[in-house]
Amino acid sequence: MPGGASAAQGLLVPSGHGRTLRSPAQQVTFKVTGEHSRAASSFEVVVPPGFDVGAHVHSRSEELFYVLDGELDVLAFEPRVRTPDGWEDWESPGGQRTVRATPGTVIVVPPGCPHAFANRTGTAAKMFFQSSPPPDHERYFEELLALIDAEGSPHPSAIAELRARYDIEQLTPLRHD
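The structure displayed is predicted, hence computed values, not measured ones. (Residues numbered from 1 in each chain as written. Predicted model: local features only at pLDDT ≥ 70, side-chain atom pairs only at ≥ 80, totals over all residues. Heavy atoms only, no water.)

Considerations on the environment of T172
Here T172 is to be found in the segment after β11 (169-170). Residue classification places T172 among the buried positions, given a relative accessible area of 2%. Sequence spacing of T172 and A116 is 56 residues, and the spatial spacing of their C-alpha atoms is 9.2 Å. Excluding residues within four positions of it along the chain, T172 makes contact with G54, A55, T83, P84, D85, G86, W87 and W90. (Helix = DSSP H or I, 4+ residues; strand = E, 2+ residues; numbered from the N terminus. Buried < 20%, exposed > 50% of the residue type's maximum accessible area, 1.4 Å probe, protein only. Contact = heavy atoms within 4.5 Å.)

Following this line, the structure appears as structure tokens:
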């Protein structure tokens, strides 16, 4: 295996460790990267109040979200109608709607499934996030947070161009306070 793990030795990342990227929109700590795993990249993500990743879909990536602290509104289904302004009121043909995910909630998103999360509470939320295959999401986070740092609220076309390069079809806008 490349990097710090091998067949004879695994990788241990203690609590509070990992490379952390901070922006006004999110804080992302890289726990396991493509350097250490062929299966998935893993992150700890702090989602501040007012952040909405926007509904989006990946053609080849699979994702897993595990809420550690706080609450997030989430969806992981194909809606009857994809409305471009927001996903809060989406409903699946079977009647599934967005839910408020609390600590211990797991969301698994297969390729091709629209999904989103937003923090509509007054306190930060924290989640464990895993994306497969690596290292696309690592590079995406690096570029996204740099773009937000540089421009504050980047133009939606800049976000769309970035996401298109990383297998992310944006369905509704990314928003952050």
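Quick notes on the packing of aromatic side chains
Inspection of every chain in the model, using the stated rule, returns nine aromatic pairs. The structure contains a cluster of three or more aromatic residues connected by ring pairs, namely F30, F43, F51, F65, F117, F129, Y140, F141 and Y166. A cation over a ring is seen here: R19 above F30, with NZ or CZ 4.5 Å from the ring centre. In this structure, R120 packs its charged tip against the face of W87, placed 4.8 Å from the ring centre. (Phe/Tyr/Trp six-rings, centres within 6.5 Å; stacked < 30°, edge-to-face > 60°. Lys NZ or Arg CZ within 6 Å of the ring centre and 35° of its normal.)

Describing the nonpolar core
Core analysis: the largest hydrophobic core is formed by 40 residues, its most contacted members being F117, F141 and L144. Ranked by residue count, the leading element in this core is helix α1 (residues 136-151), at six residues. In this structure L144 touches I159, L162 and L174, once residues within four positions along its chain are discounted. (Core = buried A, V, L, I, M, F, W, Y, C linked by side-chain atoms within 4.5 Å.)

What about empty space enclosed by the protein?
Counted under the stated rule, the structure contains two cavities of 30 Å³ or more. Empty space within the largest cavity amounts to approximately 130 Å³. Contributing to the lining of the largest cavity are 17 residues, with V53, F117, H137, Y140 and F141 lying nearest its centre. Where the lining of the largest cavity is concerned, the elements lending two or more residues are β5 (62-69), β10 (125-132) and α1. Of all the elements, α1 adds the most residues to the lining of the largest cavity, at four residues. (1 Å grid on protein atoms, 1.4 Å probe; cavity = no way out; pocket = protein on both sides within 12 Å on 5 of 7 lines; lining within 4 Å. Points joined across faces, edges and corners; volume = space filled by probe spheres on them.)

Side note on the layout of surface pockets
Where empty space is left becomes clear once a probe the size of a water molecule has been rolled over the atoms. Each pocket or cavity is described by its volume, and for the largest pocket that value is around 230 Å³. Residue lining of the largest pocket: S153, P154, P156, I159, A160, Q170, P173, L174, R175 and H176, and that is the complete set. A per-class count over the lining of the largest pocket returns six nonpolar, three polar and one charged. (Nonpolar A, V, L, I, M, F, W, Y, C, P; charged D, E, K, R; others polar.)

Digging into the pairing of strand β2 (residues 27-32)
Both strand β1 (residues 19-22) and β2 contribute to a ladder of four bridges, which runs antiparallel. Bridged to L21 within β2 is V28. Two successive antiparallel strands, β1 and β2, enclose a turn made up of four residues. By the bridge criterion, five bridges tie β2 to strand β3 (residues 41-47) in an arrangement that is antiparallel. Note that in β3 the partner of F30 across the bridge is F43. (Pairing = 2+ DSSP bridges.)

So far we have only geometry, and geometry alone does not tell us how the molecule works.
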